[in-house]
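If you want the building blocks of each chain, they are given just below.
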Amino acid sequence: MNFLTRFSLKNAVAVFIVSFLLILAGLYSFSKLKIDLLPNIEFPQLSIEATYPGASPDDVNESVTSKIEDQVKGIEGVKSVQSVSYENVGIINLEFPFNTDLDKVEQQINSSIKELNLPESSNVDVNRFSFGSFPIFNISLFAKDDANLEKVLNDEVIPELNKIQGIHSVSVGGVKEDLLQITVDKEKAAQAGLTLDEMKEQINQKAVSFPAGTLNGKELQIPVRVEEKVATIDALKKIQLKSTMNPEAKPVKLGDIAKVEAVTDQGEYTRYDGKDALSMAITKKQDANTVEVASETMKILKKYHNQLDYAIGFDSADGIEKSVETLVREGLLGALFTSLAVLIFLRNFRATIIAIISIPLSLLVSAIFLNQLDISLNIMTLGGMAVAVGRVVDDSIVVIENIFRRVRRSEEGMSNELVESSTKEILKAITSSTITTVVVFLPIGFVGGITGEFFLPFALTVVFSLLASLLVAITIVPILAKLAFKKVPPEEKEGKLQRGYAKAIAWSLNHKIKILILSFILLFSSFALVPSLGFTFIPNEEQKMLQANVQLPASTSLEKTNDVSLKIEKMFADQNEISDVTTEVGSRDFSTGVKRPNQVGYFLNVKEGVNVDTFIDKVQKKMESITKEESPKATVNVQEASTGGPPTNNNVTVDLYSSNLNDLQKAAKQVENHLNKDKRLKYVTNNFSDKQKQLVVEVDPDKAAEYGVSGFQLLGTISDQTKPVSVGDLKLDNTKRAVQLSYDKDLSSVKEIKDLQVFTERGPVLVKDIADVRTIDTFTSIQKLDGKVFARVEADIKGDEVQAVTKDVVDGVKKLDLPKDVSLDGGGGSDETVEVFQSLGLAILTAIGLVYLTMLVTFGKARIPFIILSSLIFVPIGSLVGLVIAKEPLSVSVMIGFLMLIGIVTTNAIVLVDRITQNREQKGMTIRESLIEAGKTRLRPILMTAFATIAALIPLALTTSSGTLISKGLAITVIGGLTSSTLLTLIIIPVVYELFFARQVKREKQLEKETT
């Protein structure tokens, strides 16, 4: 690669022009990078939503869910199949390994479902899941003055929002629906022999418009349509209805047996700080720029400021911007600290400017590659840049220091030949050290799972930056050095630091055993610190947004749920810790898509300075005291809001299995109570639902056959009496409305069901004469995992001792006196964390192997790589001490830090060993002389590069901002490990070098004695 230096020195202007173009391209690419909080990862999960209107959880499970499960569990690669069957809907979640071709799998699933004999009224949708599928906004909207807010939204705002390129969907909650309600007099309808379904059919027959062929003329062909329209409400009232079941009954007008009126129906209630509002949730497309979408959304809402007000309950873009600003600030601070570190060592302002010029150039070049690969600017790429800031100057520092030193020693002064030879002298060292650091990141691609996917943008950012920095160091830096160092003072004598270091090396070489014993004592002492460290996937990070949920018994009406919520919201208003509350009563559950009138959800934004854990306990107790008065069986849950990020794995899970649902429910409650007693746990949840009353009408086949009644006929008769019938949309009086039929009196007792009349060929017959009607308790949902009915009790772990707490909890559950036919499987996030740590451990070993191969190719001797790698042995000393001081747990971030250290630490060793090799091969020095001279010569660049990297990471290590904790553990690990390994490398490498070449050292000593 020396030809690049030679070319650059001869064509300086061309190199500067290329550099300028790269800067422009980098700035352009940087401005085009999409801004997001997290890497855009599509999880290998598919969700199948099967709706079956009017069906109970048992019916949904038997007729829909189980059939789909049986069909999809044989799909190649499927890891797990989890399902839940509610009333009217079933959700089946399938998990696959990463790198699965989800397009192909989705096609397979759709084809498989088409082959199933599912009920005609059922409908199946297949959906995917990614970080981008979470809503980025929750906005509460209020009408201004007399504006019709729903009309403004539907006619103007939502159509404009849908035009924004990055928006996937806009949904509005709390909307009132205008209905044309036809309330039928039950007695009059019975006298006329009419049911709601029959009335629906006859109304629809009066609103037809169908093609009826073509009139063929000599010159024209004219299409023919037959139309009959009901254009007004008065015309609707005059429709003649005739019973088909009772031909003797006289025809009647709809208006004579029913009341027809326009009404407003509300299926959910949404409020902001207790004030009625519409709630708008916005979801972006998977690859869209979150900040850009948010900005465009705000522009559109501001356009309608005369007609609406808005309040933002949740804004992910705001959190993203704060995280980006934090990382950019810490990156800039890191660059400043690095510059100061270089200036302190070189004590030359021009040399410092040249050395740090690689920082902006390297990062901008990396932005070009990130843009080409469509990688967003997120906490991982920005974290990679912040980490790379200290490392990208290393090559330039070594080059500039060597040129600076050679010029000060040279009598001829500055020349192209001197710059070229100075660069060539350390070219092998900086090239091999950079390649070493790059190959260290290759194993991240083999870690697999979400960890590999999540850290890949981080690794790519560092790799691109380092390769760019190497290119800068051997092209631009030599040119600038030639221009800047034409007049420099001659080199002074060796400083005290160098002389002291030379003595230290000499003493260490004469006391190798003592040095090694002391080093290993320090190493093993540091390992004793490990038990005091926590063990977690990603450290728990306190959120300032809380999610609260109240679930009342399954049969609770929307109105009752709303009444309870109003009392809770009043309590919220008295809490000084809360800044604002967004309320959704009876709204659709985002995770399951099911609308639950018995549930209410809250988004609570907490003020700065509030202790979140303490406040959660306080507010949950207050909520429970309110709900218990209204409904003793109500459940309350309050927890920090999920950001939609990677799983923290800081949880413990207990899965219980049994075919006996009553025993399963009992066992789940026992486990839930056990977990609630453990103070180390929070957010205990039990997915096993409560029971609700259900009326079962069991047809007697013999009696039904005697009267000629089928089960479907009985179903039609009962459903006609128990739920409204939708007629569809009709345009009446120039207004399109949904039309609904219902009776004026609801059935209110089992006796009324029994006394219902079913029309048969032999005349009317009562339901109780052909069926057994009884009340039973049934579960509101049926949950299955891989085909087995199960209950899951789960909790988050408060501290960082995830593995230890998980073991204690699972062992404790196993000691409970659970029903005999209930089996359990305990574990949780710690199991996945252990797997990830094992993968990262393997990645670290692989990285060491790759480094060895790189060194072997570079130096061509088998012993040299072992000498260089010996510096890694003592990396844990500083890292573990640093983690203990900072109270940081062992985490994935820490493991990535250890992975990085392999590259960084070997860089220092390479710089030293390369000089030793040059001394022996080119200058003919003895091993002892080579070691001492190389130590004195390379001391300054080694200390400079280590200090620059440490200085760059100090802002990250000291940060208290949210959204950067994934970089904090990494920074502390690298700072501690680099500090200890640098200090020990300067002593250990010479000691190990002499040990590996012991015979030759002995011969050289013997020869020296003979010569003397």
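Residues numbered from 1 in each chain as written. Predicted model: local features only at pLDDT ≥ 70, side-chain atom pairs only at ≥ 80, totals over all residues. Heavy atoms only, no water.

Observations concerning the side chain of Ser80
Convention followed: Note on conventions: DSSP H or I runs of at least 4 residues are helices, E runs of at least 2 residues are strands, and numbering of each starts at the N terminus. By definition in these notes, contact holds between two residues if any of their heavy atoms fall within 4.5 Å.
Relative to the elements of secondary structure, Ser80 occurs in strand β2 (residues 80-85). Residue contacts for Ser80: discarding those within four places in its chain leaves Asn93, Leu94, Glu95 and Asp786.

Notes on the sheet that holds strand β5 (residues 135-143)
Put simply, the test is: What makes two strands pair is DSSP finding at least two bridges between them. All axes here are fitted lines through C-alpha atoms, helices being fitted over the stretch that makes contact, and every angle between N-to-C directions spans 0 to 180 degrees.
Strand order across the open sheet formed by 4 strands is β6-β15-β5-β16, with antiparallel pairing between neighbours. Only two strands of the sheet have a single partner each, and these edge strands are β6 (167-173) and β16 (308-315). Neighbour-to-neighbour, the strand axes of the sheet open up by a mean angle of 25°, direction not taken into account. Where β6 and strand β15 (residues 278-284) come together, 6 bridges link them in antiparallel fashion. What sits directly across from Gly173, in β15, is Ser279. Sheet strands in contact with helix α10 (residues 290-303) are β5, β6, β15 and β16, and its direction is about 10° off that of β5. Running over the sheet, helix α11 (residues 316-346) touches β5 and β16 and is turned about 55° from β16.

Quick word on the pairing of strand β21 (residues 651-657)
As a reminder of what qualifies: Any residue under 20% of the maximum accessible area for its type is buried, any over 50% is exposed, and the rest in between are partly exposed; the area is computed with a 1.4 Å probe on protein chains only.
For β21, the tally of buried residues reaches 7 of 7 residues, placing the bulk of the element in the interior. Where burial is concerned, the two faces of β21 agree: the one with Asn651, Thr653, Asp655 and Tyr657 and the one with Val652, Val654 and Leu656 are both buried. Inspection of the sheet shows β21 paired to strand β30 (residues 788-797) by 7 bridges, in the antiparallel sense. Note on β30: the bridge partner recorded for Asp655 is Arg792.

Points about the side chain of Thr907
As for its position among the elements, Thr907 is in helix α31 (residues 892-922). Here Thr907 falls in the buried class, since its relative accessible area comes to 4%. Setting aside residues up to four positions removed in sequence, Thr907 forms contacts with Arg391, Ser433 and Thr437.

Notes on the environment of Leu741
Note that Leu741 resides in strand β25 (residues 735-743). As a C-alpha pair, Leu741 and Thr854 span 113 residues in sequence and 79 Å in three-dimensional space. Those residues within four positions of Leu741 in sequence are excluded, and the remaining contacts are Gln181, Ile182, Val184, Leu196, Met199, Lys200, Ile203, Pro724, Val725 and Val727.

Brief notes about helix α19 (residues 512-527)
Note that an α-helix has 3.6 residues per turn; residues three or four places apart therefore point the same way. The condition is simple: An expected span of 1.5 Å times one less than the residue number is assigned to each helix. What the arc measures is the spread of directions leading from the helix axis to the C-beta atoms.
Here α19 spans 23 Å end to end across 16 residues, near enough to the 22 Å set by a 1.5 Å rise per residue. Of all the residues in α19, the buried ones are Lys512, Ile515, Leu516, Ser519, Leu523 and Ser526. Down the axis of α19, the sector holding all buried residues measures 95°, keeping them to one side. Summarising the geometry of α19, the exposed residues directed more than 90 degrees from the buried face are Ile513, Lys514 and Phe524.

Focus: the sheet that holds strand β13 (residues 269-272)
Read across the open sheet, the 6 strands follow the order β14-β13-β18-β19-β17-β20; overall the sheet is antiparallel. Single-partner strands in this sheet number two, and they are β14 (275-276) and β20 (635-640). Judged from the 6 bridges that link them, strand β17 (residues 545-551) and β20 form a sheet pairing that is antiparallel. If you follow Gln551 over to β20, its bridge partner there is Thr635. Against the sheet, helix α21 (residues 612-630) engages β17, β18 (578-585), β19 (599-606) and β20, with an angle of about 160° to β20.

Focus: a negative patch on the surface
To keep it simple, the criterion reads: Nonpolar side chains (Val, Leu, Ile, Met, Phe, Trp, Tyr) are joined into patches within 5 Å and like charges within 9 Å, using only residues with over 30% relative accessible area and no salt bridge. Using a 1.4 Å probe, accessible areas were evaluated by the Shrake-Rupley method; residue-level cover was limited to the displayed protein chains. Definition used for salt bridges: Asp or Glu carboxyl oxygen within 4 Å of a side-chain nitrogen of Lys or Arg. In this tally, Asp and Glu contribute negative charge and Lys and Arg positive charge; neither His nor the terminal groups of the chain are included. For the purpose of locating charges, the reference atoms are NZ of Lys, CZ of Arg, CG of Asp and CD of Glu.
Together, Glu177, Asp178, Asp265 and Asp729 line one region of the surface with negative charge. Residue position: Asp178 is located in strand β7 (residues 176-184).

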